[in-house]
Amino acid sequence: MGLKKTIGSFLGLCKLRVVALIVFTAIVGMALAVPGVPDLLLVAIASLGIGMAASSAAAINHLLDARADQVMVRTRHRPLPSGQLASGQVLAFALGLAALSMIILVLYVNVLTAILTFASLIGYAVIYTAWLKRATPQNIVIGGAAGAAPPVLGWTAMTGELHAYALILFLIIFVWTPPHFWALAIFRRHDYEAADVPMMPVTHGVEFTRWQILFYSIILVLVTLLPWLTGMSGLVYLAGSIVLNIGFMGYAIALMKPKSEQLAMQMFNYSVIYLMALFAFLLVDHYLTLT
């Protein structure tokens, strides 16, 4: 295998689109943590450390899920099940990234951010992937805490301390995660069943999962009001969140009696755009308020 293809295979372990979303929400946390423009060098260093840790967690996820990935249609072409890389290579890559990320965060950011980032890495790569994913259909709810951490990491990177506003950002992603992932799980339920992964549509059926998506979507709408209700954000954010929530609830309601199996996947795709746009509105509102 050529060098270019090898590099591509290692990059494929990192789930770069997911990492990009993680880093973006972390950067928003950094921006909201300070009244003006944050130290851009610190933003870059912290983003690098957080991104490397997220990439390490993704690589460990590939390693632990290799057998299941071989069974599932959407994952069988990943670097490990397709034979592009060996398990030892993936493990060394993941551990190297994790070590470098911790060194960067401890030396150039702060110890609290390094500790929280490491806890998030372990939460996703080990607790969720190695245990929760196959232990309970509530796996994504409990394991979602690790994925909700990035804006908190961004906040602590700038201030060295936790803040209630950072926890609101955490709560938004935490509540967003179940309907986001269960929409995908409905569409890919046969894959999960074949891989013996107890996702909710497999264990409790599609209709029950649709109700759960609807309930969590309602909670999400309420939670996304908190930045405005607490004075963290203003009317620009409120208006943007209302528009985005109308779309999210529209999908959740339509999913109760879908005209097509594709609707669940459409909701999954919208939910990614939703989260990016919601955090973008937080960012725009923050700087418009300052001016």
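Residues numbered from 1 in each chain as written. Predicted model: local features only at pLDDT ≥ 70, side-chain atom pairs only at ≥ 80, totals over all residues. Heavy atoms only, no water.

Novice: Run through a nonpolar patch on the surface, naming residues and quoting values.
Specialist: The grouping of Leu-100, Ile-103, Val-106, Leu-107, Tyr-108, Val-111 and Ile-115 at the surface amounts to a nonpolar patch, some 700 Å² of accessible area in total. Residue assignment for the nonpolar patch shows that the elements contributing at least two residues are helix 5 (87–108) and helix 6 (111–135). Per-element accounting of the nonpolar patch gives the leading share, 5 residues, to helix 5. Here Tyr-108 shows up in helix 5. (Patch = residues over 30% accessible without salt bridge, like charges linked within 9 Å, V, L, I, M, F, W, Y side chains within 5 Å. Areas by Shrake-Rupley, 256 points an atom, 1.4 Å probe, with all protein chains shown as cover. Salt bridge = Lys/Arg side-chain N within 4 Å of Asp/Glu carboxyl O. Helix = DSSP H or I, 4+ residues; strand = E, 2+ residues; numbered from the N terminus.)

Novice: Just give me the short version of the environment of Ala-145, but keep the residues and values in it.
Specialist: Along the chain, Ala-145 turns up in helix 7 (residues 139–147). Overall, Ala-145 belongs to the partly exposed group, its relative accessible area being 29%. Through-space distance from the C-alpha of Ala-145 to that of Gly-36 is 29 Å; in sequence the pair is 109 residues apart. (Buried < 20%, exposed > 50% of the residue type's maximum accessible area, 1.4 Å probe, protein only.)

Novice: Describe the side chain of Arg-189, with residues and values.
Specialist: Examined against the element boundaries, Arg-189 turns out to sit in helix 10 (residues 189–194). Among the residues examined, Arg-189 registers a relative accessible area of 17% and is labelled buried. For Arg-189, the side chain forms a polar contact with the main-chain oxygen of Ile-186, separated by 2.6 Å. With residues up to four places along the chain from it excluded, the contact list for Arg-189 reads Pro-201, Val-202, Val-206 and Glu-261. (Polar contact = N/O pair within 3.5 Å; in protein donor to acceptor, adjacent residues only side chain to side chain. Contact = heavy atoms within 4.5 Å.)

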